[in-house]
Amino acid sequence: MMFVKLVVNVRRCSCYPESFRQQRIGTQEDLRVDGRGCEDYRCAEVETDVVSNTSGSARVKLGHTDILVGVKAEMGTPKWERPDEGYLEFFVDCSANATPEFEGRGGDDLGTEIANTLYRIFNNKGSIDLTSLCISPREHCWILYVDVLLLECGGNLFDAISIAVKAALFNTSIPKVRVLEDEEGSKDIELSDDPYDCIRLNVENVPCIITLSKIGYRHVVDATLQEEACSLASLLVSVTSKGVLTCLRKVGKGSLDPESIFEMMETGKRVGKVLHASLQTILQKEENLGPKRQKVGFLG
Amino acid sequence: MPGDRRRIKGPEKSQAPILYAPPDQVLEEYTREYVPTRDPQRQRPVYVKVGYLSQATGSAYFESGATKIVASVSGPRQAEGGEPPIGLEGRLVCHFRRAPFSAPGPRRSPSGGREEKELSLALQEALVPAVQLQRYPRALLEVSVLVLEDGGSTLAAGITAASLALADASIEMFDLVAACGLALPPGADPAWLLDPVFYEEQQAVVGLTVAFMPVSNQVSGLLGSGEGQAADRWAEGVRLGTEGCQRLYPTMQRWSLHTAAPTPPPQTPTEKADP
């Protein structure tokens, strides 16, 4: 068995030598408890195609945050206001394994909040080409059920989930179908015999969420649970690979200075671009390994 | 021949007639208040009435053009059941509801759904920074906002109305929260439209709501999404929104004062006359 573990590591190009930076103390001085700078991500592990019963799946581990996303493609009818498009449905399940607070209905509010944010960042024409999910206008389309499972919470859920969703959509393959019409006008849907005859989604413009947590006078990306506890307000931006912002949201019970919002948006844009570039290379590399790739799975 | 009385005469599922209108036809009820060429910075005149519900601790009626909002506050009262409070801070619970008939087009389901949950959270996050919750240990404050008529920028109007209602309930606050809606119309190099009407909101490629506390110069709430825009353009929207809130603030302040010590407030061009 050959194990392939793909590692995305986004580090900012620092103008300071490492040793110099390590001497500085506190977030103010661009050094965090775990030794990162303010704009550094933790090491992320991304693996796609981890669950066999899905059309596409991905697992992302970002520090202690562990996310599993499964995409299932099902056939349905298009929405009446968008007759020639398919659509995506999101569901976020906060299982009690992640933290004891999610016991019972405790995780419901957080789950709805995350799902609503995902709907929001996908609710535009640019993110994903929904017309490719249409089979026959007004009658049949593909519905992609994106189910997010929180296996472990270690801070920065939004970012990790958006990376996992993007990876899972990249991995998604939908069987090709043809619509046959006979003389009487009745339609038949024919599924291709070849299981490898699939359509893939173009995820180039799918945005990733970058959460910037305000701590003191500075802001940090990819906050750990401890850092999240120190932060009163964060700004959540969704950034595409081209560096444009599709969603903007203030999270938390604090407020933000307008000037710091502008700074945070710039940081988000900068960090987002690097993140997208690394993610895209990693996903492509894994894809190129083809079917002979050995899966790492959950114990790797 | 007598028919079957138990059978409902009609299709199982009904649709709004607008569905069958030609695609280029826009009904008049959608374009109410819409002026194709307008000053991007114009704000609709507002009418405010504070403290008009008898059963609530505090309440406010807020009207901005065709948008009509009722906000009420109940509490502070002892938090019952649920999880034990963490720390000594009180809890602020917000509900944002739309009347089933508030918007043109098909009737909304009264249970609300996803959108109302999202807007309730946005309302809560915009109000919490302004309320001194540490002054209400173990207490529960409930804010409920009801949209009677949707004429665009409802979340912004809801936040404004809710903060007026909180002030009317004599809840200790750092500042009033004013909020403004913004929309970016389609087309090449568009300019942000402040306080969009319903039709402008429907057509927009980006929608944004900015909640702002003018005295402390802090943005307390921010929610926006749409087609990808450069960071500069978003920044421009936030800046325009905060300016709009600054202009709205004196009106809010005066009406709050007027309720506390009734004296006829002077009319300004940004206000409607008492209907």
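Residues numbered from 1 in each chain as written. Chains lettered and ligands numbered in written order. Predicted model: local features only at pLDDT ≥ 70, side-chain atom pairs only at ≥ 80, totals over all residues. Heavy atoms only, no water.

The name an unreviewed UniProt entry assigns to chain B is Exoribonuclease phosphorolytic domain-containing protein, from the organism Vombatus ursinus. Recorded in UniProt under Sequence similarities (unreviewed entry), the annotation for chain B is "Belongs to the RNase PH family." (UniProt positions renumbered as here; feature names shortened; annotations may be inferred.)

An unreviewed UniProt entry lists chain A under the name Exosome component 7, with Vombatus ursinus given as the organism. Regarding chain A, the relevant UniProt record gives this comment under Sequence similarities (unreviewed entry): "Belongs to the RNase PH family."

Enquirer: Honestly, the sheet that holds strand S4 (residues 91–98) of chain B in this entry has me stumped. Any pointers?
Expert: Backbone-to-backbone hydrogen bonds join strands into a sheet, with any given pair of strands oriented parallel or antiparallel. All names here are of chain B. Strand order in the open sheet made by the five strands is S1-S2-S3-S5-S4, with mixed pairing throughout. Among the strands making up the open sheet, the edge pair consists of strand S1 (46–50) and S4. Each strand axis lies, on average, 15° off the axis of its neighbour in the sheet, ignoring direction. Relative to strand S2 (residues 58–64), S1 runs antiparallel, the two being bridged by five bridges. (Pairing = 2+ DSSP bridges. Helix = DSSP H or I, 4+ residues; strand = E, 2+ residues; numbered from the N terminus. Axes fitted to C-alpha atoms, helices over the stretch in contact; angles between N-to-C directions.)

Enquirer: Would you explain the confidence of the model for chain A in this entry?
Expert: Atom-level detail of predicted coordinates should not be read off regions where pLDDT is low. Scored by pLDDT, chain A comes out at a mean of 83, with 90% of its residues at no less than 70. Confidence drops under pLDDT 50 across residues 1–25 of chain A; counting only partners more than four residues distant or on other chains, this segment forms 51 contacts. (pLDDT = per-residue confidence, 0-100. Contact = heavy atoms within 4.5 Å.)

Enquirer: Mind showing me how you'd approach a negative patch on the surface here?
Expert: All names here are of chain A. A grouping of Glu181, Asp182, Glu183, Glu184 and Asp188 is seen on the molecular surface, where their side chains present a negatively charged patch. By secondary structure assignment, the location of Asp182 is in the loop between strand S9 (177–181) and strand S10 (187–191). For Asp182, a relative accessible area of 37% translates into the label partly exposed. (Patch = residues over 30% accessible without salt bridge, like charges linked within 9 Å, V, L, I, M, F, W, Y side chains within 5 Å. Areas by Shrake-Rupley, 256 points an atom, 1.4 Å probe, with all protein chains shown as cover. Salt bridge = Lys/Arg side-chain N within 4 Å of Asp/Glu carboxyl O. Lys, Arg positive; Asp, Glu negative; His and termini not counted. Charge placed at Lys NZ, Arg CZ, Asp CG, Glu CD. Buried < 20%, exposed > 50% of the residue type's maximum accessible area, 1.4 Å probe, protein only.)

Enquirer: Which parts of the structure should I look at to understand the pattern of salt bridges?
Expert: Opposite charge on two side chains makes pairing possible when the charged atoms of those side chains draw close. If you walk through the whole model with that rule in mind, you get 27 salt bridges over all chains. Residues A:Arg82 and A:Glu85 are paired through a salt bridge, measuring 3.9 Å at the closest nitrogen-oxygen approach. For A:Arg82, a relative accessible area of 42% translates into the label partly exposed. The salt bridge partner of B:Glu200 is B:Arg38, with a shortest N-O separation of 2.9 Å. Of the two residues, B:Glu200 sits in helix H3 (residues 198–203) while B:Arg38 sits in the segment before S1, which places them 162 residues apart along the sequence. Using a relative accessible area of 16% as the deciding quantity, one classes B:Arg38 as buried.

Enquirer: Looking at this structure, I do not really get helix H3 (residues 157–171) of chain A. What am I missing?
Expert: Along an α-helix, residues three or four positions apart point the same way, because every turn accommodates 3.6 residues. Over its 15 residues, H3(A) runs 21 Å from end to end, which matches the ideal 21 Å to within 8%, given 1.5 Å per residue. Of all 15 residues making up H3(A), 15 are buried, and the element is well covered by its neighbours. (Expected span 1.5 Å × (residues − 1).)

Enquirer: What exactly am I supposed to notice about the sheet that holds strand S12 (residues 208–215) of chain A here?
Expert: Across the sheet, eight strands lie side by side as S13(A)-S12(A)-S14(A)-S15(A)-S9(B)-S8(B)-S6(B)-S7(B); this open sheet has antiparallel pairing. At either margin of the open sheet sits one strand with a lone partner, and together these are strand S13 (218–221) of chain A together with strand S7 (193–194) of chain B. Docked against the sheet, helix H5 (residues 258–288) of chain A engages S12, S13, strand S14 (233–239) and strand S15 (245–252) of chain A together with strand S8 (206–213) and strand S9 (218–229) of chain B, running at close to 140° with respect to S12(A).

Enquirer: Please clarify how the environment of B:Ala156 should be interpreted in this entry.
Expert: Residues and elements named next belong to chain B. By the secondary structure assignment, Ala156 is in helix H2 (residues 154–168). On the basis of relative accessible area, Ala156 is assigned to the buried category, the value being 3%. Measuring from C-alpha to C-alpha, the distance between Ala156 and Leu208 comes to 9.4 Å, with 52 residues separating the pair along the chain.

Enquirer: How do you make sense of the interface of chain A and chain B when you look at a structure like this?
Expert: Each partner contributes residues to the interface: chain A has 30 residues there, and chain B has 33 residues. Carbon and sulfur atoms supply 56% of the area buried between chain A and chain B, which totals about 2800 Å² over both sides. At the boundary of chain A with chain B, the tally comes to three salt bridges. Between A:Arg120 and B:Glu118 there is a salt bridge whose closest N-O contact spans 2.6 Å. On inspection of chain A and its partner chain B, the count reaches 17 residue pairs in polar contact (both at pLDDT 80 or more). (Buried area = accessible area lost by both parts, 1.4 Å probe. Polar contact = N/O pair within 3.5 Å; in protein donor to acceptor, adjacent residues only side chain to side chain.)

Enquirer: Just checking my understanding: could you explain a nonpolar patch on the surface for this structure?
Expert: Residues and elements named next belong to chain A. Where nonpolar side chains cluster on the molecular surface, the patch consists of Met75, Val179 and Ile189 and spans about 210 Å² of accessible area. Along the chain, the position of Val179 falls in strand S9. Owing to a relative accessible area of 34%, Val179 belongs among the partly exposed residues under this scheme.

Enquirer: I keep staring at the packing of aromatic side chains and nothing clicks. Help me out?
Expert: Any pair of aromatic rings gets described here by the distance separating the centres and the angle formed by the planes. Residues and elements named next belong to chain A. Considering all chains together, one arrives at eight aromatic pairs over all chains under this definition. With 5.3 Å between their ring centres and 90° between their planes, Phe90 and Tyr119 make a pair best called edge-to-face. Placement of Phe90 in strand S5 (residues 87–94) and of Tyr119 in helix H2 (residues 108–122) is noted, with a sequence separation of 29 residues between them. Its relative accessible area of 6% is what places Phe90 among the buried residues. (Phe/Tyr/Trp six-rings, centres within 6.5 Å; stacked < 30°, edge-to-face > 60°.)

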